[in-house]
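# Coordinate analysis (summary)
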Amino acid sequence: MSIARAPRTPRADGWPALPYEAWHETAATLHMWTQVIGKIQLAQTPRINHWWNATSQISARGLATSPIPWGNEAFAFEFDFIDHQLHIRATDGGHEMIALEPKAVAVFYREVMDRLEEMGYPVEIWPMPVEVEAPVRFDADTEHHAYDAEYAHRFFRALVQMERVFTEFRARFLGKVSPVNFYWGSFDVALTRFSGRRAPDHPGVPVVADFVTREAYSHEVCSAGFWPGAGLGEAAFYTYAYPEPDGFRDAEVEPPEAYYLGELGEFVLPYEAVRTAGDPDAALLGFLQSTYDAAAELGRWERGELER
């Protein structure tokens, strides 16, 4: 029996403060934990273009995988950043939980693999992180062991807000467009629009295998997303185009706090500028739309066929 409830008042902290220096150790540990889960999904699922088979999505409690096949059964993972548990749920009714708390990556990795085996779903993965400098095998990583529940929850709250705005932006496009994906390799959220044309072979990205980038960028894209802050020192939204059309970096974009960062080849908008804006949704949508406009116009996309 359902109980009628009064309409909810939107939370005042919908866009929470997320200073990277306050939780960078937790973010680094979560990065490795999500890689463990992502590699299991990658090992068990058929490849979908641009590696979409191995991404996670933002859920009502955190980050969740799609069902991962095992014969005629399946299981799925969900990082629950409200109760701070990793859930493993299976189609045969099995359900296991692993506490999200301060623990080394090596401990987390062993717990996950043992629980899967106990549930009847033993898997094997290459236990080496990707897309990071100086990677350490999961089963030997005792360096990353932080977990601040407050900041993990703030991260989740921020993801909920941006997923909502990114989805509104996604709905404006009729052409090929990705879901709002969480990528465990780079620990970021991204939404990608495609022109429909093939792209030249990608020249490569440091610490990423060439076959990975060439699959990801097989076609012309304008991609936008969010980083928690690693390498930049602060949480930020970004947009880039591949291949980058002439004049893109000099385009005028919104809001005023956005800028082109040459060493990354991307437009960047600090998360804090969005969070503290009078209308955060409008600020982020303005950034997404204006950077896409620049990429599509300068790249001569067939906008009349691609946009709603």
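Residues numbered from 1 in each chain as written. Predicted model: local features only at pLDDT ≥ 70, side-chain atom pairs only at ≥ 80, totals over all residues. Heavy atoms only, no water.

Another aspect to go through is the domain arrangement of the protein. Each domain of the protein was delimited in the assignment, giving domain 1 (20–140) and domain 2 (149–305). For domain 1 versus domain 2, the separation of C-alpha centres amounts to 24 Å. Taking both sides of the interface into account, the surface hidden between domain 1 and domain 2 amounts to around 3,100 Å²; carbon and sulfur atoms contribute 71%. Looking at the side of domain 1 facing domain 2, the largest losses of area belong to His50, Ile58 and Glu131, adding up to 23% of the total buried there. The interface formed by domain 1 and domain 2 holds 14 residue pairs in polar contact (both at pLDDT 80 or more) in total. Those elements giving two or more residues to the side of domain 1 that touches domain 2 turn out to be α1 (20–44), β1 (57–58) and β2 (62–64). In terms of residue class, the side of domain 1 that touches domain 2 is built from 17 nonpolar, twelve polar and four charged. (Domains from an automatic or database assignment. Buried area = accessible area lost by both parts, 1.4 Å probe. Polar contact = N/O pair within 3.5 Å; in protein donor to acceptor, adjacent residues only side chain to side chain. Helix = DSSP H or I, 4+ residues; strand = E, 2+ residues; numbered from the N terminus. Nonpolar A, V, L, I, M, F, W, Y, C, P; charged D, E, K, R; others polar.)

Moving on: the packing of aromatic side chains. Counted according to the given criterion, the structure contains 27 aromatic pairs. Geometrically, the ring pair formed by tryptophan 15 and tyrosine 271 is tilted, given 6.2 Å between the ring centres and 45 degrees between the ring planes. Of this pair, tryptophan 15 sits in the segment before α1 while tyrosine 271 sits in helix α5 (residues 271–275), placing them 256 residues apart in sequence. Its relative accessible area of 1% is what places tyrosine 271 among the buried residues. Ring centres of phenylalanine 226 and phenylalanine 237 lie 5.3 Å apart, and the angle between their planes is 50 degrees; this geometry places the pair in the tilted category. Highlighted residues: phenylalanine 226 in strand β9 (residues 219–227) and phenylalanine 237 in strand β10 (residues 236–242), separated in sequence by eleven residues. For the pair phenylalanine 226 and phenylalanine 237, a shared accessibility class is recorded, and that class is buried. Put simply, the rings of Trp15, Phe166, Phe226, Phe237 and Tyr271 pair up and form one aromatic cluster. Directly above the ring of tyrosine 151 sits arginine 154, whose terminal nitrogen or CZ lies 4.4 Å from the centroid. Here the basic side chain of arginine 193 rests over the ring of tyrosine 292, its NZ or CZ set 4.4 Å away from the ring centre. (Phe/Tyr/Trp six-rings, centres within 6.5 Å; stacked < 30°, edge-to-face > 60°. Buried < 20%, exposed > 50% of the residue type's maximum accessible area, 1.4 Å probe, protein only. Lys NZ or Arg CZ within 6 Å of the ring centre and 35° of its normal.)

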